[in-house]
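Report on the structure
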Amino acid sequence: MGIRAPPVENNNYEIKSSLINMVQSSKFHILPMEDPLDHLDQFDMMCGTVKINGISEDAFKLRLFPFSLGDRARTWEKNLPVGSVTSWDQCKRATKDKDVIHYTEGCNQR
């Protein structure tokens, strides 16, 4: 998988299942009618409701983000070069990148 969250100092934390369920209820699938910017905005808004001491924003969001991906988007993330995404900014750039669109087009041609 391309997304690698940074290590955390606080090893006694839990991402609440209610947040995971909320994130999973609005998955990004890389469908033609989906906008990656809208998905990122909504994901940021959900993450903004939680703060965990000892967990950086990068670590939190990168651990949670794969739960927001479905179908083609999940496959796209799994096919990113290993460890190529290690910060939230890199994740946002990769999700907005034209490669996501090309990946979609490749899937639609199959």
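The paragraphs below set out a description of the structure included in this document. A quick note: this is a predicted structure, and the numbers were derived from the prediction, not measured.

A word on the nonpolar core. Ranked by internal contacts, the top residues of the largest apolar core, which has 26 residues, are Phe-60, Leu-64 and Phe-65. At the level of elements, helix 1 (17-24), helix 2 (36-47), helix 3 (57-64), helix 4 (71-78) and helix 5 (88-96) are the ones that each hand at least two residues to this core. Setting aside its immediate chain neighbours within four residues, Phe-60 contacts Ile-15, Leu-19, Cys-47, Val-50, Ile-52 and Ile-55.

Even without glycine at this site, Ile-30 takes up a positive phi of about 65 degrees. The phi angle at Asp-71 is positive, at roughly 45 degrees, despite the residue not being glycine. Note that Asp-71 resides in helix 4. Judged by its relative accessible area of 57%, Asp-71 is exposed.

Basis of the calculations
- Residues numbered from 1 in each chain as written.
- Predicted model: local features only at pLDDT ≥ 70, side-chain atom pairs only at ≥ 80, totals over all residues.
- Heavy atoms only, no water.
- Core = buried A, V, L, I, M, F, W, Y, C linked by side-chain atoms within 4.5 Å.
- Buried < 20%, exposed > 50% of the residue type's maximum accessible area, 1.4 Å probe, protein only.
- Helix = DSSP H or I, 4+ residues; strand = E, 2+ residues; numbered from the N terminus.
- Contact = heavy atoms within 4.5 Å.

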